[in-house]
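Letter by letter, the chains look like this.
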Amino acid sequence: MRLANIIFVALSSICSAAGKPNILFLAVDDLRPELGCYGVETVHSPFIDRFAASAVTFERAYCQVAVCNPSRVSLLTGLRPDSSKVWDLRTRFRETVPDVVTLPQHFKRHGYHAVSFGKIFHNPWPDNQSWSVPHAWPKNAGLWSDEARRRHSEFRERMRVEGKSDAVIERMRAAVIEALDVADHEHIDGAIARQAIEAMRRLHSGDKPFFLAAGFVRPHLPFVVPRKYWDLYDRDEIPLAANPHIPKQSPSFAMNTMYELRDYMDYADVPDPRDGTLSEARQRELKHGYLASVSFIDAQIGLILEELEKLGLAENTIVVLWSDHGWKLGEHNSWCKQTNYEIDARVPLIIRSPGAGANGKATPTLAELLDLFPTLCDLAGLDHPEHIEGDSLVPVLSDPTAEVKDAAFSQFKRRDGDAKRDLMGYAMRTDRFRYVEWIDRRTKEAVEFELYDHLHDPGETKNLAVDPSQEKWLRRLSAQLWNKLPAPPDYVATAPNEARPVIHFRNQREDRLTVYWLPEKGPRKKTGIIEPGQTLTQRTTKGHRFIVVGSRGNESKVHTVTRQNAT
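Calculation criteria
- Once a new chain begins, its residue numbering starts again from 1 and follows that chain's sequence as written.
- Where local features are concerned, this predicted model is filtered to residues with pLDDT of at least 70; where side-chain atom pairs are given and counted, the filter is 80 or more; whole-chain, interface and lining totals use all residues.
- The side-chain values count all of the structure's non-hydrogen atoms but skip hydrogen atoms and water molecules.
- Secondary structure is summarised from DSSP: a helix means a run of H or I of at least four residues, a strand means a run of E of at least two, and numbering begins at the N terminus for each.
- Note on definitions: a residue-residue contact is assigned when non-hydrogen atoms from the two residues lie within 4.5 Å.
- Surface exposure here means Shrake-Rupley accessible area, sampled with a 1.4 Å probe, where a residue is shielded only by the protein chains that are shown.
- Take a side-chain nitrogen of Lys or Arg and a carboxyl oxygen of Asp or Glu: if they are within 4 Å of each other, that pair is a salt bridge.
- Any two strands between which DSSP finds at least two bridges are classified as paired.
- Axis angles are defined between N-to-C directions and span 0 to 180 degrees, where every axis is a line fitted to C-alpha atoms and, for a helix, only to the segment in contact.
- We call a set of buried Ala, Val, Leu, Ile, Met, Phe, Trp, Tyr and Cys residues a nonpolar core when their side-chain atoms join them within 4.5 Å.
- Whether a residue is buried, partly exposed or exposed follows from its accessible area with a 1.4 Å probe, protein chains only, as a fraction of its type maximum: under 20%, in between, or over 50%, in that order.
- Aromatic rings from Phe, Tyr and Trp, with only the six-membered ring used for Trp, were paired whenever their centres fell within 6.5 Å, and each pair was classed as stacked if the ring planes differed by under 30 degrees, edge-to-face if by over 60, and tilted otherwise.
- By the criterion adopted, a ring carries a charge over it if an Arg CZ or a Lys NZ lies within 6 Å of its centre and within 35 degrees of its normal.
- What sets the label is the angle itself: under 35 degrees gives roughly parallel, over 145 gives roughly antiparallel, 65 to 115 gives roughly perpendicular, and the rest give oblique.
- All residues other than Ala, Val, Leu, Ile, Met, Phe, Trp, Tyr, Cys, Pro, Asp, Glu, Lys and Arg, Gly among them, are scored as polar; the first ten of these are nonpolar and the last four charged.

Looking only at helices and strands, the protein chain has 17 helices and 22 strands in total. Seen through its C-alpha atoms, the protein chain measures out along the principal axes to roughly 85 × 65 × 50 Å. Sequence-distant contacts, at least 24 apart, represent 70% of the contacts inside the protein chain between residues at least 6 apart. A total accessible area of about 24,500 Å² is found for the protein chain, and carbon and sulfur atoms account for 50% of it.

In structure tokens:
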């Protein structure tokens, strides 16, 4: 009898371990909720639509910062941006909150095999301590064609002849737009899908549940994808933005500058949205490229989900599809992201938990990407780390009418050049309103306000905060904002040389020197050239490594940034 009990206990433990749900974590960069399952019929997204039909689609989910690095840090650490101190593309969260336990790291500590492919954390910093094995980008896969690279080289040479600085030349990329004559798996994003599929095949027979993350880069710029996805669309039939104007009475600094688009040679001359508008032909070209990119990624997600079914894993795997932020396609006379507006902050979020009562339904419940950490913990039966600041969405997965919060919050850091002050815009989306309060980070005083009434103005075309009759709403919404969020943190200077470490390279030789950055993974990247007797000043991050190469190929020792300023 005692032996039987021992065997029963042992079998129960094995079954319990085997019964832990797997996690399939699918991220798509720059994907706005412009998909068939979100009611947009002009987009070809059959595979995501099919997935949504078996899952819960969140119609009003929001990121915490509408730019890659801080948005992903917030989701993956469970911290709001003011808690992580990550508000921009250049700050590493391991420098600001070095001991924080991330979402995949938490699952790894609870017996999961955690693996990552593509872009999950921000590209330069995959955070290998979060994963069971080091992150690895695909090999033998590319992006631009050889012809595009040749034209890019010629373009940068012309820039050099015109006297452009090395920093500007190095930043310039090849074309935004290109239709490739390649198979899907020869493209970097197609190769990421193949990595994920091969990993799933290895892991499905393992003795551990898995946390498998696959992050796709498209539809992030550039819009370079196989030709067959371009052929899905008739460019002349693609509708242009319905609200192509900057919101009336909005602060001038609230809109992004579109510098991201000007970093590509075929769009290097585009104006700031406050100074001009793209031609209709260029607008259609960009929208065509974006939609083709979405359809390409849709197909890659379809391959992964198909493999999940083939391996018999679907019934024991929680699948999450999310994007780090939205993207403007001509709305507000702008493109790209990096604002507090609805079009940038709202994201697609689709969750399928096997057997959930709300599967197959859409929910209008307000949600934040920050909520994914506690949600997945609850679904997997794991404890919540004390530091996380989101709310579990599990009640909504059973009942699409359930509400877990009355507002979603985003923020964005700005430099008001006219007034020479650093600002933080705190945005709150309630059921009816989008309210934004711009805080002077030094004085902590509110200096500008925005108010948009989604009941009457879903496109956010007019800022009502300047209307004295809205004073009641401003007071009420401000109180609600600061009742939820902690007071803004103490000001930290954001002037370039104060915000980031600076390394100075001085050429005391007679030949030209080239400086290369040595990333954690991948080949070295050229950051600048130093003529004899000149100095190159490089803004950087602590821990980054550089090497200097002479014209004859001789190399210096590796320089590691360890303090604020170094020479």
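With that settled, consider the pattern of salt bridges. Using the criterion set out here, one finds 39 salt bridges in the structure. A salt bridge links Asp324 to Arg72, with the shortest nitrogen-to-oxygen separation between them at 3.0 Å. You can see Asp324 sitting in the loop between β7 (317–323) and β8 (328–329) and its partner Arg72 sitting in helix α3 (residues 68–77), a full 252 residues away along the chain. Here Asp272 makes a salt bridge to Arg274, at a shortest N to O gap of 2.9 Å. Linked by salt bridges that have partners in common, Arg80, Glu368, Asp371, Asp391 and Lys405 make up one network.

Take the sheet that holds strand β13 (residues 421–429) next. Pairing within the open sheet is antiparallel, and its four strands lie in the order β12-β13-β14-β15. Only two strands of the sheet have a single partner each, and these edge strands are β12 (408–416) and β15 (446–453). Neighbouring strand axes in the sheet, compared pairwise and without regard to direction, differ in orientation by 15° on average. Looking at chain direction, β12 and β13 are connected through nine bridges and run antiparallel. In the sheet register, Phe409 faces β13, and the bridge partner there is Met428. Its contacts with the sheet put helix α16 (residues 471–484) on β12, β13, β14 (433–440) and β15, and the angle it makes with β14 is roughly 70°.

We now examine the nonpolar core. One finds Leu261 and Ile304 to be the most contacted residues of the largest nonpolar core, which totals 67 residues. Ranked by residues supplied to this core, first place goes to helix α12 (residues 280–310) with twelve residues. Apart from residues lying up to four places away in sequence, Ile304 is in contact with Leu24, Leu26, Ala193, Ala196, Ile197, Met200, Ala214 and Phe216.

As a further point, take the side chain of His152. Structurally, His152 is set in helix α7 (residues 146–161). For His152, a relative accessible area of 14% corresponds to the buried category. If near-sequence neighbours (up to four positions away) are discounted, His152 is found in contact with Met172, Arg173, Ala174 and Met265.

Glancing now at the sheet that holds strand β3 (residues 113–118). For sheets, the rule is that strands pair by backbone hydrogen bonds, running either parallel or antiparallel. Spatially, seven strands are ordered β3-β5-β1-β7-β10-β2-β11 in an open sheet, and the strand pairing comes out mixed. Looking at which strands have only one partner, the edges of the open sheet turn out to be β3 and β11 (361–368). Sheet twist, expressed as the average angle between the axes of neighbouring strands with direction ignored, equals 15°. With five bridges joining them, strand β2 (residues 56–62) and strand β10 (residues 346–352) adopt antiparallel strand pairing. From the neighbouring strand, Thr57 faces β10, where its bridge partner is Ile350. Across the face of the sheet, helix α14 (residues 372–380) comes into contact with β1 (22–28), β5 (210–216), β7, β10 and β11 while running at roughly 175° to β7.

Turning our eyes to something else, we now look at α14. For α14, a buried count of seven out of nine residues is recorded, marking the element as mostly surrounded by other parts of the structure. Inspection of α14 places Leu372, Phe373, Pro374, Thr375, Leu376, Cys377 and Ala380 among the buried residues, and these make up the whole buried set. Directly after α14, the chain includes Gly381, whose backbone phi takes a positive value near 75°.

Further remarks concern the packing of aromatic side chains. For the structure shown, the criterion picks out 16 aromatic pairs. For the pair Phe223 and Tyr290, a centre-to-centre distance of 5.9 Å together with 85° between the ring planes defines the contact as edge-to-face. With Phe223 in strand β6 (residues 223–226) and Tyr290 in helix α12, the pair connects residues that are 67 residues apart, well separated along the chain. The exposure class of Phe223 is buried, given its relative accessible area of 0%. Ring geometry for Tyr229 versus Phe296: centroids 5.3 Å apart, planes at 55°, classification tilted. Here Phe296 lies in helix α12 and Tyr229 lies in helix α10 (residues 227–230), a separation of 67 residues in the sequence. The same class applies to Tyr229 and to Phe296, which are both buried. Connected via pairs of aromatic rings, a cluster forms that spans Phe25, Phe93, Phe107, Tyr112, Phe121, Trp131, Phe211 and Trp322. Positioned above the aromatic ring of Tyr267 is the side chain of Arg282, whose terminal nitrogen or guanidinium carbon lies 4.4 Å from the ring centre.

On to the environment of Ala419, then. Relative to the helices and strands, Ala419 is located in the loop between β12 and β13. Placed 60 residues apart in sequence, Ala419 and Ala479 show a C-alpha to C-alpha distance of 26 Å.

A separate point is the pairing of β10. Of all seven residues in β10, six are buried; the element is thus mostly enclosed. In the sheet, β7 pairs with β10 via four bridges, with the strands oriented antiparallel. From the neighbouring strand, Val319 faces β10, where its bridge partner is Arg352.

Okay, the packing of helix α9 (residues 188–203) against α12 next. Running from N to C, α9 and α12 point in directions that differ by 10°, and their axes come no closer than 10 Å. In this view, α9 runs roughly parallel relative to α12, as classed from their interaxial angle. For the pair α9 and α12, contact is made by Asp189, Gly190, Ala193, Ala196, Ile197, Met200 and Arg201 and by Phe296, Ile297, Gln300, Leu303, Ile304, Glu307 and Leu308, respectively. In terms of residue class, the contact of α9 with α12 is made up of nine nonpolar, two polar and three charged.

In this section: unusual backbone geometry. Of note, the amide linkage connecting Arg218 to Pro219 takes the cis form, showing an omega dihedral of 15°. Summarising the element assignment, Pro219 is placed in the loop between β5 and β6. At Asp127, a residue that is not glycine, the phi angle is positive and equals roughly 55°. Looking at the secondary structure, you find Asp127 in the loop between β3 and α7. For Cys336, which is not glycine, the phi dihedral falls at a positive 75°. Tracing the chain through its elements places Cys336 in strand β9 (residues 335–336). When its relative accessible area of 1% is taken as the criterion, Cys336 is described as buried.

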